[in-house]
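Commentary on secondary and tertiary structure
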Amino acid sequence: QKFNTAISAQMELVNEIYGLLDKDSKGFESGEGKYVLKEAVLAILQTLSPFAPHLSEELWEAAGQKEMVGLASWPKFRADLLKDETFLLVVQVNGKVRDRLSLPKNLSEEAIKQRVLESEKLKSFLEGKQVKQFIYVPERIANVVVA
């Protein structure tokens, strides 16, 4: 069971990298972008090495590393990198989910309301109707009640 969990987490990281490459391949063209990509690949190889040591050693060397992957220091955990600067807001109109917005965490409730009401996906549901109430549960859900 724990083996599957570890491999699954590595697959999630690989999929995340592929997603970033598909969305905006230019993001990895800068010096910083190349550094981040290389660090992610090296972390994958290091954490894969207990499960596939021979393959990991070959790929580690192909990545330009001089020492063996088994001798390299383990990646350090950094809690500061886990802090999200955005959150996903589920938006409802009269209790039915109509949109999901990724918003910065530092927005005021009024700014969030403005962004919700300007959402392209909500325009057809709000057009010609009066907003009776705006219910906001911080960083979770917004419900626009219209009549």
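Nothing here was measured: the structure is a model prediction, and the numbers come from that model.

As defined by bridge partners, strand 3 (residues 131-137) adjoins strand 4 (residues 141-146) across six bridges and the pair is classed as antiparallel. By the bridge assignment for strand 4, Gln 133 is matched with Val 145. Linkage of strand 3 to strand 4, two consecutive antiparallel strands, is achieved through a turn of three residues, within which Glu 139 is found at a positive phi near 60°.

The residue Asn 94 is not glycine, and still its phi comes out positive at about 50°. Among the structural elements, Asn 94 can be located in the loop between strand 1 (86-93) and strand 2 (96-104). When its relative accessible area of 45% is taken as the criterion, Asn 94 is described as partly exposed. In the Ramachandran plot, Glu 139 falls in the positive-phi region, its phi being about 60° despite a non-glycine side chain. Within the secondary structure, Glu 139 sits in the loop between strand 3 and strand 4.

The subject of this paragraph is the pairing of strand 1. Sheet topology places strand 1 next to strand 2; eight bridges connect them, and they run antiparallel. The residue of strand 2 that forms the bridge with Gln 92 is Val 97. The turn linking strand 1 back onto strand 2 is made up of two residues, and Asn 94 within it adopts a positive phi angle of 50°. Of the strand pairs in this sheet, strand 1 and strand 4 are connected by four bridges, and their pairing is parallel.

Our next topic: the sheet that holds strand 3. Spatially, four strands are ordered 2-1-4-3 in an open sheet, and the strand pairing comes out mixed. At either margin of the open sheet sits one strand with a lone partner, and together these are strand 2 and strand 3. Each strand of the sheet is rotated relative to its neighbour by a mean of 20°, with strand direction disregarded.

Attention now goes to the layout of surface pockets. Reported here for the largest pocket is a volume of approximately 560 Å³. Residue lining of the largest pocket: Tyr 35, Val 36, Glu 39, Pro 75, Lys 76, Phe 77, Arg 78, Leu 81, Leu 82 and Asp 84, and that is the complete set. Each residue belonging to the lining of the largest pocket can be placed in one class, and the counts come to six nonpolar, no polar and four charged. Estimates place the volume of the second largest pocket at around 380 Å³. Taken together, the elements giving at least two residues each to the lining of the second largest pocket come down to helix 1 (2-23) and helix 2 (31-48). Counting residues per element, the lining of the second largest pocket draws most heavily on helix 1, at seven residues. Tallied by class, the residues present in the lining of the second largest pocket amount to 11 nonpolar, two polar and two charged.

Our next topic: the environment of Leu 45. Mapped onto the secondary structure, Leu 45 falls in helix 2. Considering only alpha carbons, one finds Leu 45 and Leu 117, 72 residues apart in sequence, at a separation of 45 Å. Not counting the four nearest positions on each side in its chain, Leu 45 is found in contact with Ser 56, Leu 59, Trp 60 and Val 69.

Parameters and conventions
Residues numbered from 1 in each chain as written. Predicted model: local features only at pLDDT ≥ 70, side-chain atom pairs only at ≥ 80, totals over all residues. Heavy atoms only, no water. Pairing = 2+ DSSP bridges. Helix = DSSP H or I, 4+ residues; strand = E, 2+ residues; numbered from the N terminus. Buried < 20%, exposed > 50% of the residue type's maximum accessible area, 1.4 Å probe, protein only. Axes fitted to C-alpha atoms, helices over the stretch in contact; angles between N-to-C directions. 1 Å grid on protein atoms, 1.4 Å probe; cavity = no way out; pocket = protein on both sides within 12 Å on 5 of 7 lines; lining within 4 Å. Points joined across faces, edges and corners; volume = space filled by probe spheres on them. Nonpolar A, V, L, I, M, F, W, Y, C, P; charged D, E, K, R; others polar. Contact = heavy atoms within 4.5 Å.

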